[in-house]
Amino acid sequence: MNEGRFKLIGRDRPDLLLITSVVILLAIGLSTVYSASMVVSESGLFRRQVLWVGIGIAFFLVGTWISFRRLEEISPVTYLLVCLLLLITLFLGGGPADRWIIIGPLHIQPSEIAKAGLILVTSWWLSSLRVRPRKFGELLVFLTILPAVILTLLQPDLGTSVAMIMIVLAIFVWAGYGPGWIYLIVSPVLAAVSSIHIIFWIIFMCILGLILYRRKYPFSSWLIFMGGNSIVAALTPMAWNLLETYQRSRLITFLDPSSDPHGAGWNIIQSEVAVGSGGIFGQGFLQGAQKELAYLPARHTDFVFSVWAEETGFLGGIILLATFFVLIWRITLAARKSVNSFNSLVTAGIAAYFTIHVFVNIGMTLGIMPVTGLPLPLISYGGSQMIVVLFLLGLAVNAGMYWREV
Amino acid sequence: MYGNSKNWPFFFSLSVVSILFILLGAKLIYLQIIKGEYYRGLSSQNHIRVIVTPAPRGVISDRNGIILADSKPAFIVSAVPSEFNRANTALVEQQLEMTAGELNEILDEASAVPHRPVVLREGLSVEKVSSIAENLYRIPGVMIDVAPLRRYHRPEDFCHILGYVGLADTQDSFRGEIIGRTGLELKLNETLRGIPGLQREVVDALGRIVEEFRGTSSEDPVPGGNVSLTVDAELQSIAITELEQTGMPGAAVIIDYENGDILCAASVPVFDPNMFARGITQDEWNAILDNQDNPLFERAWAATYPPASTFKVVTACWLLSKGLISRDYMPNPCYGSLTLGDTEFGCWTSHGRLNVVQALEQSCDVFFYRTVQLGSIDELAEYSACFGMGSRLTDVLTGEKTGLIPDSDYLNRTYGNDGWGLGNLLNISIGQGELLATPLQLAVIAGIIASRGEMPPPGILLQRKVLNPVLSSDVVTDSAFDIVTEAMLRVVTSRRGTLYNAFSDSSLDFWGKTGTAECPGEDHALVIGFVRDPMPLAICVVIEHGGHGGSIAGPVAENILSRYLVERGEI
């Protein structure tokens, strides 16, 4: 930070590899939505998706042009507005699962916007803490993100709120907080989960002890972490036993919808059959048999990858995965070279956003992740998400171009 | 990297991303390359079918374990429109004894969701379904499922209490799933239904099972919970026969006033709920609709009647407990009517000077017209609410009515602030006017008097929470109980009592009160009362348009009680 007070002039070329992978993914997305929309009774899906991409590209350009310094200044206000939107959704939400705000022809999904708001506010907090450290600063960051996470959880949208926490934790890692630190932060959750079996519990406690030892924590911290997590782990089975049977099964279905064989479990099986039947070369564009038989649920949104994998096979699937990997790699590079901490953290948050969405969504269609409503960025049908994602990508390109700015 | 000399976050993040992508790629290889052939086979020729094994619906029995409703094995035949070949239409129609064109109609209607099976016929016996089963290989797209049929063993006696079931037709129901439509079948559906079992199979284009779907376990059905009622099936049967013999619609409710068990809740006319369980025909449905007495209507708790003179029991308790009159207080004599302003309030004969016991015994209206003016309409309304009138007594009887107690608020709303007066109070004092009660509520009034206020709220489920008595203590004084009980005995034993004739040959010791409810057409006949020995029973009988309470409803009550007690060997 020696050059801190100087502003270095000049910019790099926009990252063409990043932009190319975005274009490839948009093309895959549009063709898959087109294919999926052939059997959807709702008409005009494809036309609307084209419109969203158009608007999204405008937002992309805004993202490349906007000043990061200005963005940093308005981050807290933006976050407050996002929370307000989520609050409104909770009371006036409409559409499927009441997750939308409907104004005339406009359907906005605030939880999608909230994810971008969280990236901004977390980066803002962490970079300001770096300049002016505070006692319990990390706690303040967590308290700040709590409203958005809880409002999303209340919708109820467990998947999105967990994704939000993951993104925030990833930004912490990027800011230099090590895996050990993250482990301590999430230890109560791990304690509750590990209480299902004594072996898990012992492993959990051993790792906890190791981290505390290596970080040379004082005795009081040992007491708090070991004792507190023991209490959590002891209380979890008791709380579980206090629940009525129907409450338990509701909780299980909430946490793991695939345990409900009438609903989500059926979707997973159909999705696996669709992907598997694609084979190496796929059934051909517009030829997906599972899709045509209308077995596949949410073909154009959550399960859009199944359609792609069924029609283009392993070849198409690997191309899509590789393109996503290149995209994430290029975003991470931009984050790495950014001199300004806010720019770097925001860009890293964007990389985390992509990683988590791609893994959870595709993992769900392949049956290795539980069913959640997380869409596949740039591919799934949906306006709010498309616009937010393209804006974030614009920011990533921006960060790579103006990396010298402080 | 800003300010951080080390590059570890970069390499750490990138390795996490790489691991996640390798995981996705590995599963993709497994699904598409290793198992690709298997899944391709599944999606092109075969497909997965979910087989639902219905859970046996819970058994309903009476208090002595007599089974009232259970299930018998039956089958349904359904077809998947997208797999069914219309060339086979005639064959299927012949096997299922359907009229020509009926099948195509069903299939056309269901073609919006072509892969979802649609029910063609339900409730088929083993014999009927076997001929289709033999031909199944010739008619792809048709399938046979087990779907237990609800069977009612005493269909007519319990048609109103149990209600009936029908095929579920909601989005998430499976073929052949039955749900309660009315009565306890509806109210206790969640308890009775159980959880269906699930199996996944891979079937080929002809509907033959190729194999169990790999990797998912099947789930066994969980039977529905059984339910025991407080009702005594024998008593219910006697009550239905006795009511039917009058030839008029009516209801009889009998409650064990010591524990609140509803032993009998009979309502006539009746219908056969098995018609609904197996699928009702158009003719049967029309026959029910054409019956002016409406057999589907439940009269023991879902119908309200003016309680008429049976309500005088409550009025008398109020007058005595509030100290408005004493046992020996005699107002001016009854000359056969009472004139208030320019309205004449009639009595059914001139009774002369009476005290409260005699007034109840002979059911004199004028006594109550005169004495009730000592209090107000709101006091009487509030007091009668203590007896359970104006509110529901149970939470499981579907369609239970609250009845109606008119108070000044109600009358103001109905007639305007000046549109009513003392005359309304006089009418209500003898159970006429706007006052309405269900037969169940009237039986509870009898039970409260019999138990001297100790009776718990009535219930029809044998397993239920014990609740506090309907009547809170101190509402009715001990002496008021004594006096009203004495009067109800004299209604039966005194020569002038309105039930003297009905019970003159009876070996029962009965306490009672009659009522003759004025209504358009012939009056409704009512009687309430109780026996203490050999069993604590409170009863209410209502015969619609039966005429005089003492001469029509009284004998019915006597016959039901004595036949039941004789059959049990109690008397």
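Attention here is on the structure that accompanies the text. Just so it is clear, the structure is predicted and the values come from calculations on it, not from any experiment.

**Observations concerning the overall build of chain A**
Part 1 of the reasoning: Counting secondary structure elements, chain A contains 16 helices and 2 strands.
Part 2 of the reasoning: Taking the contacts inside chain A whose residues are at least 6 apart along the sequence as the reference set, 71% of them involve residues at least 24 apart.

**A word on the overall build of chain B**
Part 1 of the reasoning: From N to C terminus, chain B includes 20 helices and 19 strands.
Part 2 of the reasoning: Within the span of chain B, comprising 571 residues, buried residues form 45% of the whole.
Part 3 of the reasoning: Within chain B, residue pairs in contact and separated by at least 24 positions form 71% of the contacts whose partners lie at least 6 positions apart.

**Considering the sheet that holds strand 18 (residues 524-531) of chain B**
Residue and element names in this part refer to chain B.
Part 1 of the reasoning: Read from one edge to the other, the open sheet built from 5 strands follows the order 14-13-19-18-17, with strand pairing classed as antiparallel. Only two strands of the sheet have a single neighbouring strand rather than two, namely strand 14 (262-268) and strand 17 (510-517). The average angle at which neighbouring strand axes cross in this sheet is 5°, direction not considered.
Part 2 of the reasoning: Judged from the 7 bridges that link them, strand 18 and strand 19 (residues 537-543) form a sheet pairing that is antiparallel. Within the sheet, the bridge partner assigned to Phe-530 lies in strand 19 and is Ala-538.
Part 3 of the reasoning: Contacts from helix 9 (residues 233-246) reach strand 13 (250-256), strand 14 and strand 19 within the one sheet, and its direction differs from that of strand 14 by about 30°.

**Focus: the environment of B:Val118**
All names here are of chain B.
Part 1 of the reasoning: With respect to the secondary-structure elements, Val-118 resides in strand 5 (residues 118-124).
Part 2 of the reasoning: Among the residues examined, Val-118 registers 17 C-beta atoms within 10 Å and is labelled partly exposed.
Part 3 of the reasoning: Placed 38 residues apart in sequence, Val-118 and Val-80 show a C-alpha to C-alpha distance of 6.3 Å.

**Here's the deal with the packing of helix 2 (residues 45-65) of chain A against helix 16 (residues 383-401) of chain A**
Residue and element names in this part refer to chain A.
Part 1 of the reasoning: At a minimum axis separation of 7 Å, helix 2 and helix 16 run at an interaxial angle of 30°. In terms of their interaxial angle, helix 2 and helix 16 are classed as roughly parallel. For the pair helix 2 and helix 16, the crossing hand works out as right-handed. Packed against helix 2, whose contacting residues are Trp-52, Val-53, Ile-55, Gly-56, Ile-57, Phe-59, Phe-60, Leu-61, Val-62, Gly-63 and Thr-64, the element helix 16 presents Gly-383, Met-386, Ile-387, Leu-390, Phe-391, Leu-392, Leu-393, Gly-394, Leu-395, Val-397 and Asn-398 at the interface.

So, how was this worked out
All residue numbers refer to position in the chain's written sequence, counted from 1. Whichever chain is written first is A, and whichever ligand is written first is 1; the rest continue in order. Where totals are concerned, whole chains, interfaces and linings use all residues; where local detail is concerned, this predicted model gives features only for residues with pLDDT of at least 70, and gives and counts side-chain atom pairs only at 80 or more. Where helices and strands are cited, they refer to DSSP runs of H or I of at least four residues and of E of at least two residues respectively, numbered from the N terminus. Note that contacts rest on C-beta atoms placed from the backbone: two residues are in contact if these are within 7 Å. Partly exposed residues are those falling between the two cut-offs: more than 12 but fewer than 20 other C-beta atoms within 10 Å of their own, whereas 20 or more means buried and 12 or fewer means exposed, with C-beta atoms placed from the backbone. Here, a strand pair is defined by DSSP locating no fewer than two bridges between the strands. Here, axes are lines fitted to C-alpha atoms. For helices the fit covers the stretch in contact, and angles between N-to-C directions go from 0 to 180 degrees. For classification, angles of less than 35 degrees are called roughly parallel, those exceeding 145 degrees roughly antiparallel, those between 65 and 115 degrees roughly perpendicular, and all remaining angles oblique. In a left-handed crossing the near helix is turned counterclockwise from the far helix by less than a right angle, and in a right-handed crossing that turn is clockwise.

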